[in-house]
Amino acid sequence: MRLADRTALITGAAQGIGRAIAEHYAREGARVVIADLNLEAASATAEAIRGAGGEAMALAMDVTNEQMVDDGFARVAEAWGGVDIAIANAGIQHIDPVHKLAYSDWRKVVDVHLNGAFLVTRAALNQMYDGGKGGTMLYMGSVHSVEASPLKSPYVAAKHGLLGLCRAVAKEGAEQGVRSNIICPGFVRTPLVEKQIPEQAKELGITEEEVIRNVMLKNTVDGQFTTLEDVAELAVHLAAFPSAALTGQSIVVSHGWHMQ
Ligand code: NAD
């Protein structure tokens, strides 16, 4: 049990990568808070985790809504005494070339990834600094935190921005015992990715199979998708790491798509 007695809040954890991390964390002994825009799906995830013997609660949280984020963290403090680990994972994607991109779509993507991560960070740090108990901030970056692809400019820009937030928190939080790291996965087959395959095929005028082979996995060493388990295991490792030797770091988990 690498995370026994720790409380972890994970945004966007109703499905996909966030859910996989929540399940993995619960198996490692953590109490998990499934914070998501979609309360019904978050409740189903929390129930599944409890069914498997873990401790979990669901929270309705739109990470772009300051009040909802602060209220959500306050509920965790009441129920479980505050968070030890917070993961800014909630995310969306939008496919369009820059010259056709609506400002509203740009703002929506940046708002969820970057502004949402700020709101979650601020609320989490206030709980971690309280009484000097410290903790771990994790950000769900992407290979797009360190590389660009066409058609995803707001996503690429926001994911690059998360690197800066992660590093700033590592410097500010050190004295208070807070470590901060960012996980940068390659493509993982979640609903977010399944949705972009036909969208990219249409935009680029190629087949869905070609999107997978020649766009998504082209630069990996072995043509493989990164898995939910790969990302969840790294998230456990980073939260369980015993010292600030590992802080302010970006870890790329992408089958060699990007090597740094
Ligand atoms: P997903 O679409 O499967 O899940 C995203 C979750 O976030 C959903 O449950 C959704 O309801 C929730 N969400 C969306 N907007 C929200 C908001 N405003 N407030 C709270 N919750 C919100 O996506 P995923 O693939 O699991 O992605 C999770 C994270 O991983 C994202 O930040 C994404 O950018 C990142 N990521 C994904 C991949 C991949 O290939 N799937 C690769 C690199 C990084």
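Above: the structure in question.
Residues numbered from 1 in each chain as written. Predicted model: local features only at pLDDT ≥ 70, side-chain atom pairs only at ≥ 80, totals over all residues. Heavy atoms only, no water.

A. Expanded view of the packing of helix α4 (residues 103-129) against helix α5 (residues 153-173). In the contact formed by α4 and α5, the axes pass within 8 Å of each other and the chain directions differ by 15°. The orientation of α4 relative to α5 falls into the category roughly parallel. Relative to α5, α4 is oriented so that their crossing is right-handed. Contacts from Trp106, Val109, Val110, His113, Leu114, Ala117, Phe118, Thr121, Leu125 and Tyr129 of α4 reach α5 at Ser153, Pro154, Tyr155, Ala157, Ala158, Lys159, Gly161, Leu162, Leu165, Val169, Glu172 and Gly173. Taken together, the residues of the contact of α4 with α5 break down into 15 nonpolar, five polar and two charged. (Axes fitted to C-alpha atoms, helices over the stretch in contact; angles between N-to-C directions. Helix = DSSP H or I, 4+ residues; strand = E, 2+ residues; numbered from the N terminus. Parallel < 35°, antiparallel > 145°, perpendicular 65-115°, else oblique. Left-handed = near helix turned anticlockwise from the far one by under 90°. Contact = heavy atoms within 4.5 Å. Nonpolar A, V, L, I, M, F, W, Y, C, P; charged D, E, K, R; others polar.)

B. Just unusual backbone geometry, in detail. Within the chain, leucine 151 stands out as a residue other than glycine whose phi angle is a positive 75°. Mapped onto the secondary structure, leucine 151 falls in the loop between β5 (135-140) and α5. Among the residues examined, leucine 151 registers a relative accessible area of 14% and is labelled buried. For histidine 255, which is not a glycine, the phi torsion comes out positive at approximately 55°. By secondary structure assignment, the location of histidine 255 is in the segment after β7 (250-253). (Buried < 20%, exposed > 50% of the residue type's maximum accessible area, 1.4 Å probe, protein only.)

C. Structural view of the nonpolar core. In this structure, Leu9, Met61, Phe73, Met128, Met137, Tyr139 and Met216 are the most contacted members of the largest nonpolar core, which totals 44 residues. Considering each element in turn, this core owes the most residues, eight residues, to α4. Here this core gathers at least three residues from each of two domains, domain 1 (7-186 + 227-250) and domain 2 (187-225). Those residues in contact with methionine 137 that lie beyond four places of it in its chain are Ala86, Thr121, Ala124, Leu125, Met128, Val169, Arg179, Ser180 and Asn181. (Core = buried A, V, L, I, M, F, W, Y, C linked by side-chain atoms within 4.5 Å. Domains from an automatic or database assignment.)

D. Seen up close, the sheet that holds strand β3 (residues 55-60). Pairing within the open sheet is parallel, and its seven strands lie in the order β3-β2-β1-β4-β5-β6-β7. Whereas interior strands pair on both sides, the edge strands pair on one side only; in this sheet they are β3 and β7. The average undirected angle you get between the axes of adjacent strands in this sheet is 20°. Strand direction decides the pairing type here: strand β2 (residues 31-36) and β3, joined by six bridges, are parallel. Paired with alanine 35 across the bridge in β3 is leucine 59. Contacts from helix α3 (residues 66-80) reach β1 (7-11), β2 and β3 within the one sheet, and its direction differs from that of β3 by about 155°. Running at roughly 170° to β5, α4 makes contact with β1, β4 (85-88), β5 and β6 (178-185) of the sheet. (Pairing = 2+ DSSP bridges.)

E. How the structure looks around the site of the ligand. Around the ligand, a shell composed of 29 residues is seen, among which Asp36, Asn89, Tyr155, Val188 and Thr190 lie nearest. With respect to the ligand, the backbone of valine 63 contributes an N or O atom lying 3.0 Å from a nitrogen atom. In the environment of the ligand, an oxygen atom lies 2.9 Å from a nitrogen or oxygen atom belonging to the side chain of lysine 159. For the ligand, whose accessible area on its own is 830 Å², the fraction buried by protein is 93%. Where the shell around the ligand is concerned, the elements lending two or more residues are α1 (16-27), α4, α5 and α6 (191-204). By residue number, the principal contributor to the shell around the ligand is α6, which donates three residues. When the residues that make up the shell around the ligand are grouped by side-chain class, the tally is 16 nonpolar, ten polar and three charged. Shared between two domains, the shell around the ligand holds at least three residues of each, these being domain 1 (7-186 + 227-250) and domain 2 (187-225). (Near = heavy atom within 4 Å. Polar contact = N/O pair within 3.5 Å; in protein donor to acceptor, adjacent residues only side chain to side chain. Areas by Shrake-Rupley, 256 points an atom, 1.4 Å probe, with all protein chains shown as cover.)

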